[in-house]
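What follows is the residue order along each chain.
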Amino acid sequence: QVQLVESGGGLVQAGGSLRLSCAASGRTFSFYAMGWFRQAPGKEREFVAGINWTGGSTYYGDSVKGRFTISRDNAKNTLYLQMNSLKPEDTAVYYCAAGPGLNYRTVRGYDYWGQGTQVTVSS
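Cut-offs and rules
- Residues numbered from 1 in each chain as written.
- Predicted model: local features only at pLDDT ≥ 70, side-chain atom pairs only at ≥ 80, totals over all residues.
- Heavy atoms only, no water.
- Helix = DSSP H or I, 4+ residues; strand = E, 2+ residues; numbered from the N terminus.
- Buried < 20%, exposed > 50% of the residue type's maximum accessible area, 1.4 Å probe, protein only.
- Contact = heavy atoms within 4.5 Å.
- Salt bridge = Lys/Arg side-chain N within 4 Å of Asp/Glu carboxyl O.

**Thoughts on unusual backbone geometry**
No. 1: Not every positive phi belongs to a glycine, and N77 is a case in point at roughly 55 degrees.
No. 2: Tracing the sequence through the fold places N77 in the loop between strand 7 (68-73) and strand 8 (78-83).

Given below as structure tokens:
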């Protein structure tokens, strides 16, 4: 079992930045590939970014490529998502997830999920 807790969400103006964190506990964090997803009201959960267990490989959804950066600190059992140039359409609940790293871009590729943190971008 891995427990995941997101933090760092909030309200920001368009063009601003936020840094999300995901603290992991339980089984060894560094064993897992990690991902960030988001879900806006009335929409399906959407892949945002993924990272392999070493941090050496990263993957991004088309809508965030070039604006968001995923990273991890295995010594601190923490996953990050740096979000720059935020847009109103980035408004959603953001979730971190842990999985075996077989399929980064789908919800079914992950076994453990956090409760989410709200990000709201005003225009």
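That was the structure; now back to the text.
**Topic: the environment of Y104**
No. 1: Mapped onto the secondary structure, Y104 falls in the loop between strand 9 (92-99) and strand 10 (112-113).
No. 2: Residue classification places Y104 among the buried residues on the basis of a relative accessible area of 13%.
No. 3: Note: C-alpha distance between Y104 and T78 (26 residues apart in sequence) is 18 Å.
No. 4: For Y104, the residues in contact, after removing those within four places along its chain, are A33, M34, F37, F47, G50, I51, N52, Y59 and Y110.

**Some points on the pattern of salt bridges**
No. 1: This model, assessed by the stated rule, comprises four salt bridges.
No. 2: Linking E46 and R38 is a salt bridge whose minimum nitrogen-to-oxygen distance equals 2.9 Å.
No. 3: In this structure E46 comes out as partly exposed when scored by relative accessible area, which is 33%.
No. 4: The class for R38 is buried, based on a relative accessible area of 5%.
No. 5: Residue D90 is joined to R67 by a salt bridge in which the shortest nitrogen-to-oxygen separation is 2.8 Å. With a gap of 23 residues between them, D90 in the loop between strand 8 and strand 9 and R67 in the loop between strand 6 (58-60) and strand 7 connect regions that are remote in the sequence.

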